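Coordinate analysis (summary)
If you want the building blocks of each chain, they are given just below.
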Amino acid sequence: MRAGEDGMNVVRAELCDRLRTLQLCSARHSSRNFHESVVGIRRLAAAYGLTPVVRLAEALERAAQDRSAGACPTGLYLDRLQDAIGCERLDEAASEAMIASISVRLA
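Note that this is a predicted model, so its numbers are computed, not measured. (Residues numbered from 1 in each chain as written. Predicted model: local features only at pLDDT ≥ 70, side-chain atom pairs only at ≥ 80, totals over all residues. Heavy atoms only, no water.)

1. Quick word on the environment of Val-53
Following the sequence through the fold, Val-53 ends up in helix α3 (residues 51-66). The exposure class assigned to Val-53 is buried, which follows from its relative accessible area of 0%. Linking Val-53 and Asp-83, residues 30 residues apart in sequence, is a C-alpha distance of 8.7 Å. Ignoring anything within four residues of it in the chain, the contact list for Val-53 reads Ile-41, Ala-45, Leu-81, Ala-84 and Ile-85. (Helix = DSSP H or I, 4+ residues; strand = E, 2+ residues; numbered from the N terminus. Buried < 20%, exposed > 50% of the residue type's maximum accessible area, 1.4 Å probe, protein only. Contact = heavy atoms within 4.5 Å.)

Rendered as structure tokens:
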């Protein structure tokens, strides 16, 4: 099982790198580039069953689409994505809890 854990650590490291790049460039990215970067994170996470990352990326995609209309700041989602990448739980309940925490911060 050690090889599986090592493999997942590599995937999580790649997701962290992609997220870090997205965070640094989010102000400079066009909406299209931002969306493509989020989609890349979502697809990689989906390929490895990282459900909380997938669900947060989906929510971030929706928030980014509404960003121009003054909706939720995407920074809240980026912060929670970092948490999701390191999360050991991979179920929908973990995903829902992380998304709920964003809602609480908005209230």
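Moving on from the coordinates now.
2. Things to note about the side chain of Arg-12
Along the polypeptide, Arg-12 turns up in helix α1 (residues 2-25). Although buried, Arg-12 forms no salt bridge, and the nearest oppositely charged side chain, Glu-88, lies 4.6 Å from it. Polar contacts involving the side chain of Arg-12 include one to the main-chain carbonyl oxygen of Cys-87, which spans 3.2 Å. In this view, Arg-12 contacts Leu-50, Ala-84, Ile-85, Gly-86, Cys-87 and Leu-90; residues no more than four positions away in its chain are not counted. (Lys, Arg positive; Asp, Glu negative; His and termini not counted. Salt bridge = Lys/Arg side-chain N within 4 Å of Asp/Glu carboxyl O. Polar contact = N/O pair within 3.5 Å; in protein donor to acceptor, adjacent residues only side chain to side chain.)

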